[in-house]
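One-letter residues, chain by chain:
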Amino acid sequence: MLTARRRRAAAAAVVVAGSLLLASCGGSGSGSGDGKTLRLWHYEGPDSAMGVAWNEAIRVFEAQHPGVKVKFEEKGFEQIQKTAPMVLNSSDAPDVMEYNKGNATAGLLSKQGLLTDLTAEAAKRGWDKKIPAGVRTTSMYDTNGVMGSGTWYGVPDYGEYTMVFYNKDLFKKYGIAEPKTFDQLTAAMDQFVAKGVTPLADSGAEYMAQQYLYQLALSKADRAWVDSYELYKGRTDFHDAAWTYAATTFADWVKKGYLAKTATSAKAEDAGVSWIQGKAPILFSGSWWYGRFQTEAKFDWDTTLWPGSDLTLGSGGNLWVVPKGARNKQLAYDFIDITLSKEIQTLLGNKGGIPVAAAADTIADPKSKALIANFNTLTARDGLAFYPDWPVPGFYDTLVSETQRLLTGSEKPDAYLDHLQKAYDQGVPKR
Amino acid sequence: MKAPRDSYTLFLLPGALAFLAVVVVPFLMNTGLGFTDWQGVGSPHWSGLANYRQLAHDSEFWASFRHSLFMVVAMAVVPTALGLVLAAALTDYVGKHFGTRLASILRACFYLPQVLPVAVAGIVWSWILAPDDGTLNALLKAVGLGSWQQDWLGDPDLALYTVMGVLVWVQLGFPLVVFMAGLGRIDPQLYEAAELDGAGWWRRFAHITLPGIRPEIYVVLTWCTIAALKVFGAVYVLTKGGPGGATDVPSYFSFTTFFEKTQVGYGAAISTVLTVIILALALIGLKLQSRAEEA
């Protein structure tokens, strides 16, 4: 028989091990649910346009809700991206959180019933009027989790799009005219190559290379093409005119020296820095670089939309979502409403973001004004064509690795398109 | 009187239960998920052996597995061989002629990469190996070997060998330290007697050093082979499996399947296969080790 001491030791061991076992099977936290606390998660840096705007929104929210405390937890993008499904499945879910938009992210969560239907709130509070149609696409998901129609599951406060950033000083230094048309762009790139300068900043190990390629395809595409590819409203053929043009032109640009083969292993950061350092005169990327370039680029620069294309990469920004298990949903709706107010939207615009509902005349900075004006031009012509990796989960990695092969010349455009077709067809939802 | 075995049981209980909670239960859950088509949220649906059938025909997985064999060369075979020679040289030559202090300092230098977090080492190496302004290419140019400059991590024909090179650097210190500790067990009189009998360095290495530290060699080979099969951090930081999948390994493949493709069921099947392979290799290694100890 065990002695009393041994029994106590054994009991303690069982308790410790039992709690470890429980911990390994998933946490069981408790939300407040008292109407006195709003639990908020987001992953914007405190100095970014969005971070500044959300901080102000928290201040306004607390002023408007005396006795209610906002319990904010700063998360990393990757952290939320990788763990959100598990957290939302538990009782640890916050009341409102920022989440990545798209079929494989917000769409997947909505399909699994982990997000709250915001349709009634969007109509009641007028969010559906404030958010332009092209931006709204990422807010709504059907029963299969496919964006573009159905139920409101998320609310974006800002937009993003890609553009050509160019170093005016370098154009001046080499006596090359700033391009306004696609032909002028290629002519300018030829002149840079002739002077020993690789014109385009690029990164093969991350998104930038595939975005060049997708933009080339978009310049030969229309809305129906985008809807087929992104929203599965038709069959996507990677050997059609647009994709074939994109892959062959990209390979051709590598041969001509517009894109450096050595960019294969470069990260997006490397490409951005090479542009900031004045090594590459042109960079094609998203508005997320804008604020940083305003601070760090010590030369005269400007931007233009990709010449000769009505469509470009872009979408509404990340979404506010309300988890199904949120305890204080009314407070969450109030907070979202505040982030869409003119005051917060204008602040966001003045800090280098692209608000979806700002008063245009209150944006002071000329560069910010131009950024927002271009976005408005795009949304007015329904020009946001999303991103190439969205349609299929894991397609980002496929695009990175395949485009790297195209960049090094180890794969021909035809084989490249074959591989994309295979990965796309495997992952696309069967409807 | 109670047998001592019973008292030990009580002390082993917490550890055994913790092992159950953090290893056995998750492993069984993972194995179970391998038979589903779960996406990470919602309810898993039983799909039987579908994931394993898919795995058998998945060229990407087998390519990643082939790369694993290269990793075994980089993390087990080369460091063991090099570690043996270096350990013998430091003990038998440097220690004897320049003092044990210098040998210890050199040993610490070789071990340093083991202490460095792999994320830090990976970032530093990616700077060194950068194609345009990387130190390695700059150095080659400076010494007149400009034609040798390469896109070390961006060339699909070269990237795997480059990652292997970095891993040799990371791994070398471990066998070196273990072997030097093992060499400390060997009676110095054996070396003296062999030297008096006219045996050169190589004969002493082959007939005294090697047989003397056979158990350590088995431990190091087993340990490093397992480390090579589950290598992840270096690949993640240096290449993310690229360019064009040239450096993909099963653990990274499993990670992207889990988190990027949200095919949790399939990712679980990959992990299960990987665990079974590692377990089998570990058992073979332990068997060889105990045989060596008995010999």
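All values derive from a computational prediction rather than experimental measurement.

The rules behind each value
- Residues numbered from 1 in each chain as written.
- Chains lettered and ligands numbered in written order.
- Predicted model: local features only at pLDDT ≥ 70, side-chain atom pairs only at ≥ 80, totals over all residues.
- Heavy atoms only, no water.
- Buried < 20%, exposed > 50% of the residue type's maximum accessible area, 1.4 Å probe, protein only.
- Helix = DSSP H or I, 4+ residues; strand = E, 2+ residues; numbered from the N terminus.
- Pairing = 2+ DSSP bridges.
- pLDDT = per-residue confidence, 0-100.
- Contact = heavy atoms within 4.5 Å.
- UniProt positions renumbered as here; feature names shortened; annotations may be inferred.

**Re the pairing of strand β9 (residues 282-286) of chain A**
All names here are of chain A.
Right, so step 1: Burial analysis of β9 places five of its five residues in the buried class, the great majority of the element.
Right, so step 2: Across five bridges, the pairing between strand β7 (residues 159-167) and β9 is antiparallel. Its bridge partner lying in β9, F165 is registered against L283.
Right, so step 3: Relative to β9, strand β8 (residues 200-201) runs parallel, the two sharing two bridges. Among the inter-strand pairings, A201 is bridged to a residue of β9, identified as L283.

**Here's the deal with the confidence of the model for chain A**
All names here are of chain A.
Right, so step 1: Summary statistics for chain A give a mean pLDDT of 88 and a share of 92% for residues scoring 70 or more.
Right, so step 2: This model gives residues 1-7 a pLDDT under 50, and the stretch forms six contacts once residues within four places in sequence are excluded.
Right, so step 3: Across residues 9-32, where pLDDT falls below 50, the model places 28 contacts with residues more than four positions away in sequence or in other chains.

**A look at the side chain of T346 of chain A**
All names here are of chain A.
Right, so step 1: With respect to the helices and strands, the residue T346 is situated in helix α16 (residues 342-350).
Right, so step 2: For T346, a relative accessible area of 13% translates into the label buried.
Right, so step 3: Beyond its immediate chain neighbours, meaning those up to four positions away, T346 contacts A358, A359, T362 and I363.

**Comments concerning the sheet that holds strand β1 (residues 37-42) of chain A**
Residue and element names in this part refer to chain A.
Right, so step 1: Reading across the sheet, the five strands line up as β2-β1-β3-β12-β6 and stay open at both edges, with mixed pairing between neighbours. Only two strands of the sheet have a single partner each, and these edge strands are β2 (69-74) and β6 (155-156).
Right, so step 2: The pairing of strand β3 (residues 96-99) with strand β12 (residues 319-321) spans three bridges and is classified as antiparallel. Bridged to Y99 within β12 is L319.

**What to know about the UniProt feature "transmembrane region" (unreviewed entry) in chain B**
Residue and element names in this part refer to chain B.
Right, so step 1: Within this numbering scheme, the UniProt entry marks residues 7-29, 69-90, 110-130, 158-181, 217-238 and 264-286 as carrying the feature "transmembrane region" (unreviewed entry).
Right, so step 2: Annotation note: span residues 217-238, helix share 86%, strand share 0%, distance between end C-alpha atoms 29 Å.
Right, so step 3: Secondary structure over residues 264-286 splits into 100% helix and 0% strand, and the C-alpha atoms at its two ends are 32 Å apart.

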